[in-house]
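Each chain is listed here by its residues.
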Amino acid sequence: MRIEHLRERLRALGANPRHQQRVLRLWSQALPQTSGRRELQHFLPAALVAALPAIAQELAALATLESTHAGDDGSARLLVRLADGQLAETVLLPRDGVCVSTQIGCAVGCVFCMTGTTGLIRQVGSAEIVAQVVLARCQRPVKKVVFMGMGEPAHNLDNVMEAIDLLGTVGNIGHKNLVFSTVGDPRVFEALPLGRVKPALALSLHTTRADLRAQLLPRAPRMSPEELVQAGEVYARATDYPIQYQWTLLEGINDTDEEIDGIVRLLTGKYAILNMIPYNTVPELPYQRPSWEKAAAMARRLHQRGILTKLRQSAGQDVDGGCGQLRARAEKPARKVIALQAV
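Residues numbered from 1 in each chain as written. Predicted model: local features only at pLDDT ≥ 70, side-chain atom pairs only at ≥ 80, totals over all residues. Heavy atoms only, no water.

**Some words on the overall build of the protein**
When you go through the protein residue by residue, the secondary structure sums to eleven helices and twelve strands. Relative to the globule expectation of 20 Å for 343 residues, the C-alpha radius of gyration of the protein, 21 Å, shows essentially globular dimensions. In terms of overall dimensions, the protein has a C-alpha envelope of 70 × 60 × 35 Å along the principal axes. Considering the protein as a whole, with its 343 residues, one finds that 54% of them fall into the buried category. Within the protein, residue pairs in contact and separated by at least 24 positions form 66% of the contacts whose partners lie at least 6 positions apart. Element-wise, carbon and sulfur atoms account for 53% of the exposed surface of the protein, whose accessible area totals about 15100 Å². Positive and negative side-chain charges in the protein, numbering 40 and 33 respectively, have mean positions lying 5 Å apart. (Helix = DSSP H or I, 4+ residues; strand = E, 2+ residues; numbered from the N terminus. Rg over C-alpha atoms; globule rule 2.2 N^0.38 Å. Buried < 20%, exposed > 50% of the residue type's maximum accessible area, 1.4 Å probe, protein only. Contact = heavy atoms within 4.5 Å. Areas by Shrake-Rupley, 256 points an atom, 1.4 Å probe, with all protein chains shown as cover. Lys, Arg positive; Asp, Glu negative; His and termini not counted. Charge placed at Lys NZ, Arg CZ, Asp CG, Glu CD.)

So, in structure tokens, the structure goes:
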């Protein structure tokens, strides 16, 4: 479901724009539709009042909790079942954040990501994206939403922008606390400045070498690291939010002296933060996480050379829940059954 489809349904029930905003505000903030001191029938159309219980039930069914996997760091990875039975991953982050999925599967095919091994299965509708935030708000407070879960938001741009608009208005999330994460796509740099709500931007850099980036992100748009940083800088200056450059640290691949020099060359003087995240090891993939000591030493060297660097842990590494692993493990038994039946 898209948010616009929900608005159309509300209009058909006689809801004017203020009525629609009320329904969307209460839903997106995980509040009952009966909230407030006044009786609903005193200010809402009778047809809408009659339909609200069914609408609330349908909205609740957009994203339901399949299982919870709590991490020692205060995070929790949620396996979420959408209304059509597809599984997505949503992560409750420390300090009142939530990471949502924008696609089932992903077409970019990052070689170190479990999600990319399935290819793109389907887009996640804007209402389904917001429903993940609602589900998170039923667990704990949410003050920040990052679009960094399964999928590439740039490949589902209309739905993601629609969700961002709602969350940044009636959803009561600060604009700079809505973080759009992308591998880099020219359409992003065209669309984001035009939105009523302008989110912060996180760009998946991972390397300063164009040839290596093409290997790691085989189906990402062919923007060179230099082009990506330049486009990011324009958006950062226009919004006054620093760009968050994401760097997944892979042992022996992008943790070299050459990369340190490249980062300094690209980011010196830029309005930027470099987020270095040691890889969340996936048993099925041939990549390793460098030691924390090695990662910390790399971050220190970058700090000494003037690059604002934050060394982060991928949330929930102790429950092996990153990069689509929860969904893959949940789907694996079903795939085995299908294979056995075929035999």
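**Quick look at the pattern of salt bridges**
Counted under the stated rule, the structure contains 16 salt bridges. A salt bridge links Asp-84 to Arg-122, with the shortest nitrogen-to-oxygen separation between them at 2.8 Å. One end of the pair, Asp-84, is in the loop between strand S2 (76-82) and strand S3 (87-93); the other, Arg-122, is in strand S6 (residues 120-123), with 38 residues separating them in the sequence. Note that Asp-96 is salt-bridged to Lys-143, the shortest N-O span being 3.8 Å. (Salt bridge = Lys/Arg side-chain N within 4 Å of Asp/Glu carboxyl O.)

**What about helix H4 (residues 126-137)?**
Taking 1.5 Å per residue as the helical rise, H4 with its twelve residues ought to reach 16 Å, and the 17 Å between its terminal C-alpha atoms agrees with that figure. Counting buried positions along H4 yields twelve of twelve residues, so the element is predominantly enclosed. Every buried residue of H4 is listed here: Ser-126, Ala-127, Glu-128, Ile-129, Val-130, Ala-131, Gln-132, Val-133, Val-134, Leu-135, Ala-136 and Arg-137. (Expected span 1.5 Å × (residues − 1).)

**With respect to the pairing of strand S9 (residues 200-204)**
Here S9 lies mainly inside the structure; five of its five residues are buried. As for the winding sense of the linkage, the β-α-β connection from strand S8 (residues 178-182) through helix H6 (residues 186-191) to S9 is right-handed. (Right-handed = clockwise from strand over helix to strand, strands pointing away.)

**Here we look at the packing of helix H1 (residues 3-12) against helix H5 (residues 157-167)**
Remark: H1 packs on H5, axes separated minimally by 9 Å, with the N-to-C direction vectors making an angle of 65°. Facing Ile-3, Glu-4 and Arg-7 of H1, the residues of H5 in contact are Glu-162, Ala-163 and Leu-166. By residue class, the composition of the contact of H1 with H5 is three nonpolar, no polar and three charged. (Axes fitted to C-alpha atoms, helices over the stretch in contact; angles between N-to-C directions. Nonpolar A, V, L, I, M, F, W, Y, C, P; charged D, E, K, R; others polar.)

**Notes on the environment of Thr-208**
Tracing the backbone through its elements, the reader meets Thr-208 in the loop between S9 and helix H7 (210-216). Linking Thr-208 and Asp-261, residues 53 residues apart in sequence, is a C-alpha distance of 9.1 Å. When neighbours within four sequence positions are excluded, Thr-208 is seen to be in contact with Pro-225, Glu-226, Trp-247, Glu-259, Gly-262, Ile-263, Arg-265 and Leu-266. In this structure the side chain of Thr-208 is engaged in a polar contact, spanning 2.7 Å, whose partner is the side chain of Glu-259. (Polar contact = N/O pair within 3.5 Å; in protein donor to acceptor, adjacent residues only side chain to side chain.)

**Quick word on the sheet that holds strand S7 (residues 144-147)**
Pairing is mixed in the open sheet, where ten strands are placed in the order S1-S2-S3-S4-S7-S8-S9-S10-S11-S12. Only two strands of the sheet have a single neighbouring strand rather than two, namely strand S1 (63-70) and strand S12 (309-311). The average angle at which neighbouring strand axes cross in this sheet is 25°, direction not considered. Examined bridge by bridge, S2 and S3 share six bridges and lie antiparallel to one another. Residue pairing in the sheet places Ala-76 in a bridge with Leu-92 of S3. Against the sheet, H4 engages S1, S2, S3, strand S4 (97-99) and S7, with an angle of about 50° to S1. (Pairing = 2+ DSSP bridges.)

**Overview of the side chain of Arg-213**
One can find Arg-213 in helix H7. Glu-152 provides the closest opposite charge to the buried, salt-bridge-free Arg-213, at an N-O distance of 8.0 Å. Excluding anything up to four places from it in sequence, Arg-213 contacts Val-183, Ser-204, Leu-205, Thr-207, Pro-221, Met-223, Pro-225 and Leu-228.

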